[in-house]
Amino acid sequence: DLYKLDSDGSYVKTPRKSELREQKIKGESVLTKLVSWFQSSIDDKKAKELLRERGRELAETKKNFLPEDRTSMINDEESEKIILSAFHYVVALQEQIQTYLNFQINHYLYAEFKDNVNIFPRIVSNDDWNDLIPSDTTFDDKIEDLGAKVTEIRKSLSDVQKMQTQF
């Protein structure tokens, strides 16, 4: 049940949702009033006043955990309402915690990325460029082998040139 703060300071029970739906169908809703006013070039003061009134109405409503006309001993129906209310509370709490966690993780990732981007030029300029490529001894052996082959080819080429000059 919902209660609304009356002008004398007491809480008055508000109509049920089904009654409110019927009233909305019969009369204009706040949204349709806003749309009609905006189409008829409403001034800012009227729009602010409408939104202020809507906010005041929402602030004055008070939700009740269990109806006032409950029994002295909790029955199955009331315990189901309590369990359902507790479940909705736990779900809302979990969603809120998830939102906070996502924000904290995103902030941490952004801050860490920002720090690494600021440090990166100094790391690159200070490092020894030979450390960027790991040394491999097999390449050294292959280079020596190729050098030996080149000298042998040059020697063979000089032998062939000597033989050509002799003929």
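Above this text is the structure in question.
Calculation rules
- Note on numbering: residues in each chain are counted from 1, in written sequence order.
- Thresholds applied to this predicted model are a pLDDT of at least 70 for local features of residues and 80 or more for the giving and counting of side-chain atom pairs; totals over whole chains, interfaces and linings are not thresholded and use all residues.
- Note that the side-chain values use all heavy atoms of the structure and ignore hydrogens as well as water.
- Helix numbering and strand numbering both begin at the N terminus, where a helix is a DSSP run of H or I of at least 4 residues and a strand a DSSP run of E of at least 2.
- Relative accessibility decides the category of a residue: with a 1.4 Å probe and only protein chains considered, values under 20% of the type maximum give buried, values over 50% give exposed, and everything between is partly exposed.
- Two residues form a contact once any of their heavy atoms are found within 4.5 Å.
- All accessible-area figures derive from a Shrake-Rupley calculation using a 1.4 Å probe, and residue coverage is judged against the displayed protein chains alone.
- Salt bridges are counted wherever a side-chain nitrogen of Lys or Arg sits within 4 Å of a carboxyl oxygen of Asp or Glu.

Asks: Quick question: what am I supposed to make of the overall build of the chain here?
Replies: Helix and strand counts for the chain come out as five helices and three strands. Start at the N end of the chain and walk to the C end: the helices and strands fall as β-β-α-α-α-β-α-α. In the chain, which comprises 167 residues, the share counted as buried stands at 5%. The long-range fraction of contacts in the chain, counting pairs at least 24 apart against all pairs at least 6 apart in sequence, stands at 37%. Carbon and sulfur atoms form 58% of the exposed surface of the chain, whose accessible area is close to 15400 Å².

Asks: What's the story with the pattern of salt bridges in this structure? I'm lost.
Replies: As a working rule, side chains carrying opposite charge can pair if their charged atoms are close by. A complete count under the given rule lists three salt bridges for this structure. Linking arginine 52 and glutamate 49 is a salt bridge whose minimum nitrogen-to-oxygen distance equals 3.1 Å. Of this pair, arginine 52 and glutamate 49 are both found in helix H3 (residues 44–60), three residues apart, which corresponds to roughly one turn of the helix. Here glutamate 49 falls in the partly exposed class, since its relative accessible area comes to 36%. The partner of lysine 149 in a salt bridge is aspartate 145, and the shortest N-O contact between them spans 3.9 Å. Remark: aspartate 145 and lysine 149 occur in helix H5 (residues 137–166); sequence separation between them is four residues, near one turn of the helix.

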